[in-house]
Amino acid sequence: TISLNIPQARSSPRIIYVDDDNITGPWDGTQEHPYQNITSALTYALDGDTIFVFNGIYYEQLTITKSINLRGQNRQETIIDANQTGNAIKIEANNVNITEFTIQNAESSGIFIYSSSKINISNNIIKNNYYGISLSASSSNQIITNNITLNTHTGIRLSDSSNNII
């Protein structure tokens, strides 16, 4: 007897929803029952998924380790606030897109891209951080059409990085 364990393939990437107004649950990431925070959505996301975040203020520090699309509803009203601690968003994966957010109040970087490529950061407001965006050992990324302002030290910092479009 031969036994084969063949994993099932996903038919297509999913859209996972987040809404801080869903305070009573249930939370399953559907449009009807969105997660209350982005961290929960990241936990259940798979490579290729899109996390759609409805307007609100999300007091979180995110670490992205999967190839995902993180999309806010409206960059003026969908806010990731690091609450004066760490990085607001740390990216440690390739093929990540972040668009339509205000990213603010990080003690370090609003967005910290580490050893990653094919990252697209577009149409965001990045303000009131130490560094707006920091790239370290990262190449072949795009940082386009963002409003990067009022950051304490530098708007965009590159360290050991090359082939980036800014």
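To be clear, the structure that these remarks concern was listed above.
First, a word on scope: everything that follows refers to the structure included in this document. (Residues numbered from 1 in each chain as written. Predicted model: local features only at pLDDT ≥ 70, side-chain atom pairs only at ≥ 80, totals over all residues. Heavy atoms only, no water.)

**Digging into the overall build of the protein**
Put simply, the rule is: The helix count covers DSSP runs of H or I at least four residues long, the strand count covers runs of E at least two residues long, and both are numbered beginning at the N terminus. The reference for a compact globule is 2.2 Å times residues^0.38; the radius of gyration itself is calculated from the C-alpha atoms. Think of it in three bands: with a 1.4 Å probe and only protein chains considered, a residue is buried below 20% of the maximum accessible area for its type, exposed above 50%, and partly exposed in between. Note on contacts: a residue pair qualifies if any of its non-hydrogen atoms lie within 4.5 Å across the two residues. Exposure was quantified through the Shrake-Rupley algorithm and a 1.4 Å probe, taking into account, for residues, occlusion by the shown protein chains and nothing else. The convention is simple: Lys and Arg are positive, Asp and Glu are negative, and His and the chain ends are not counted. Throughout, a charge is located at the NZ atom of Lys, the CZ atom of Arg, the CG atom of Asp or the CD atom of Glu.
If you tally the helices and strands in the protein, you get 1 helix and 16 strands. For 166 residues, the compact-globule estimate of 2.2 N^0.38 gives 15 Å, and the C-alpha radius of gyration of the protein, at 17 Å, lies within 12% of that figure. On the principal axes, the C-alpha backbone points of the protein span a range of 65 × 40 × 25 Å. Every one of the 166 residues in the protein was classed for burial, and the buried ones make up 46%. Of the contacts made within the protein by residues no fewer than 6 positions apart, 35% connect residues no fewer than 24 positions apart. A total of about 8700 Å² of accessible surface is found on the protein, and carbon and sulfur atoms cover 46% of it. Counting 9 positive and 14 negative side-chain charges, the protein places the centres of these two groups 9 Å from one another.

**A closer look at the packing of aromatic side chains**
Counted only if it meets this: Two rings from Phe, Tyr or Trp (for Trp, the six-membered ring) form a pair when their centres are within 6.5 Å of each other. A pair whose planes differ by under 30 degrees is stacked, one over 60 is edge-to-face, and the rest are tilted. Whether a charge lies above a ring is judged from NZ of Lys or CZ of Arg, which has to be within 6 Å of the ring centre and within 35 degrees of the ring normal.
A complete count under the given rule lists 6 aromatic pairs for this structure. With 5.1 Å between their ring centres and 80° between their planes, Phe52 and Phe54 make a pair best called edge-to-face. Judged by centre distance (6.1 Å) and plane angle (35°), the ring pair of Phe112 and Tyr114 falls under tilted. The class for Phe112 is buried, based on a relative accessible area of 16%. Tyr114 gets classed as partly exposed once you look at its relative accessible area, which sits at 41%. The rings of Tyr17, Phe52 and Phe54 are connected pair by pair, giving a single aromatic cluster. In this structure, Arg157 packs its charged tip against the face of Tyr131, placed 5.1 Å from the ring centre.

**Some words on the pairing of strand β6 (residues 78-81)**
Defined as follows: At least two bridges found by DSSP between two strands are what make those strands a pair.
The alternating pattern of β6 places Thr78 and Ile80 on one face and Ile79 and Asp81 on the opposite face, and all of these are buried. Here strand β3 (residues 56-59) runs beside β6; their pairing, made up of 4 bridges, is parallel. Residue pairing for β6: Gly56 is matched across the bridge by Thr78. Sheet topology places β6 next to strand β9 (residues 102-104); 3 bridges connect them, and they run parallel. Residue Ile79 lies in a different strand from β9, and its bridge partner there is Thr102.

**A look at the sheet that holds strand β12 (residues 125-127)**
Pairing between the strands of a sheet is mediated by backbone hydrogen bonds and can be parallel or antiparallel. Our working definition: Fitting a line to C-alpha atoms yields each axis, with helices limited to the stretch in contact; the angle taken between N-to-C directions then spans 0 to 180 degrees.
Spatially, 5 strands are ordered β3-β6-β9-β12-β15 in an open sheet, and the strand pairing comes out parallel. The open sheet has two edge strands with one neighbour each: β3 and β15 (147-149). Pairs of neighbouring strands in the sheet enclose a mean axial angle of 15°, with direction left out of account. Of the pairings in the sheet, the one linking β9 to β12 comprises 3 bridges and is parallel in character. From the neighbouring strand, Thr102 faces β12, where its bridge partner is Ile125.

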